[in-house]
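The primary structure of each chain is shown beneath.
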Amino acid sequence: MIALIRYQAGLLLRSHRWVGPVAVYAAFAWFDGAAGQQPLGDGLRWSAAALLPLVAWLTRSMITAEPGEARACVAAAGGPHRAHLAALITALAGGAVLALGGAALQLGISRAPAGGVTGYAT
């Protein structure tokens, strides 16, 4: 299974189908951060809302990245279900990387809460 995931990841990186979702997410995060110093919770909410359609785009790109003949060879070697699962896991990993990058960016540019952290028992 690891070999199938590595194959799918290499296929995704070589096909440059990841550039579109990453560029749109980076542009959204840039303009969202440039709009002003918003609270951290609002920034993370907007970042997550933008992430959903972009991960769907990345998943669709990952599923259709292989030509039919190559997909048949991979399915014969590793099984059709495992090949499809490897493509979905690769898209999930790409979405996780986008999510972590967006969260780190929002942590860096968002305004901290004015009253500190609340809701915890002292």
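Structural notes, computed from the coordinates. The model shown is predicted, which means the values in this text are computed figures rather than measured ones. For every chain, the first residue of its written sequence is number 1, and the numbers climb from 1 along that sequence. For this predicted model, a pLDDT threshold of at least 70 governs which residues receive local features, and a threshold of 80 or more governs which side-chain atom pairs are given and counted, while totals over whole chains, interfaces and linings are taken from all residues. Side-chain numbers here rest on the full set of heavy atoms in the structure, without hydrogens or water.

**Quick notes on the overall build of the protein chain**
Scanning the protein chain from terminus to terminus reveals five helices and zero strands. Runs of E in the DSSP output that reach at least two residues are strands. Runs of H or I that reach at least four are helices, and both are numbered from the N terminus. Element order for the protein chain, N to C, with α for helix and β for strand: α-α-α-α-α. Residue exposure (1.4 Å probe, protein chains only): buried if accessible area is under 20% of the type maximum, exposed if over 50%, otherwise partly exposed. The 122 residues of the protein chain split such that 28% are buried. Any two residues whose heavy atoms approach within 4.5 Å are treated as being in contact. Here the analysis covers contacts within the protein chain between residues at least 6 apart in sequence; of these, 85% occur between residues at least 24 apart. Areas reported here follow the Shrake-Rupley algorithm with a probe of radius 1.4 Å; residue values treat only the protein chains shown as occluding. In the structure as shown, the protein chain presents an accessible area of about 7,700 Å², 72% of it carried by carbon and sulfur atoms.

**A few points about the environment of M1**
As for its position among the elements, M1 is in the segment before α1 (2-15). When its relative accessible area of 30% is taken as the criterion, M1 is described as partly exposed. It is 8.3 Å that separates the C-alpha atoms of M1 and A83, two residues lying 82 residues apart in sequence. Sequence-distant contacts of M1, that is, excluding residues within four places in its chain, are made with R82, L85, A86 and I89.

**Section: the packing of helix α3 (residues 40-63) against helix α5 (residues 80-109)**
Interaxial angle, 0 to 180 degrees, is taken between N-to-C directions of lines fitted to C-alpha atoms, where a helix line uses only the stretch in contact. It is at 9 Å that the axes of α3 and α5 come closest, and there the two elements cross at 155°. Considered as vectors, α3 and α5 are oriented roughly antiparallel to each other. Read as a crossing pair, α3 and α5 show a hand that is right-handed. We call two directions roughly parallel when the angle between them is under 35 degrees, roughly antiparallel when it is over 145, roughly perpendicular when it lies between 65 and 115, and oblique otherwise. When the near helix sits turned anticlockwise from the far one by under a right angle, the crossing is termed left-handed; a clockwise turn instead gives a right-handed crossing.

**Some points on the side chain of E66**
Relative to the helices and strands, E66 resides in the loop between α3 and α4 (68-78). You can call E66 buried: its relative accessible area is 9%. We call two N or O atoms a polar contact when they sit within 3.5 Å, provided that within protein one can donate a hydrogen and the other can accept it, with sequence-adjacent residues counted only if both atoms are side-chain atoms. In this structure the side chain of E66 is engaged in a polar contact, spanning 2.9 Å, whose partner is the side chain of Y7. A polar contact of 3.1 Å, which involves the side chain of E66, links it to the side chain of R71. Look past the residues within four positions of E66 in its chain and what remains in contact with it is Y7, Q8, L11, R71 and V74.

**Some points on the layout of surface pockets**
For the largest pocket, the calculated volume is near 210 Å³. Buriedness for pockets is judged along seven lines, at least five of which must meet protein on both sides within 12 Å for an open set on the 1 Å grid over protein atoms alone, while cavities are sets there where a 1.4 Å probe fits but cannot get out, and lining residues have an atom within 4 Å of a point. In terms of lining residues, the largest pocket is bounded by 13 residues, among which L12, W18, L58, G94 and V97 are the most central. Going through the elements one at a time, α1, α2 (19-34) and α5 are the ones with two or more residues in the lining of the largest pocket. The greatest single-element share of the lining of the largest pocket, amounting to six residues, is contributed by α5. Side-chain classes follow a simple rule in which Ala, Val, Leu, Ile, Met, Phe, Trp, Tyr, Cys and Pro form the nonpolar group, Asp, Glu, Lys and Arg form the charged group, and the remainder, Gly included, forms the polar group. Residue classes in the lining of the largest pocket are distributed as ten nonpolar, three polar and no charged. Grid points are joined across faces, edges and corners, and a volume is the space filled by probe spheres set on the points.

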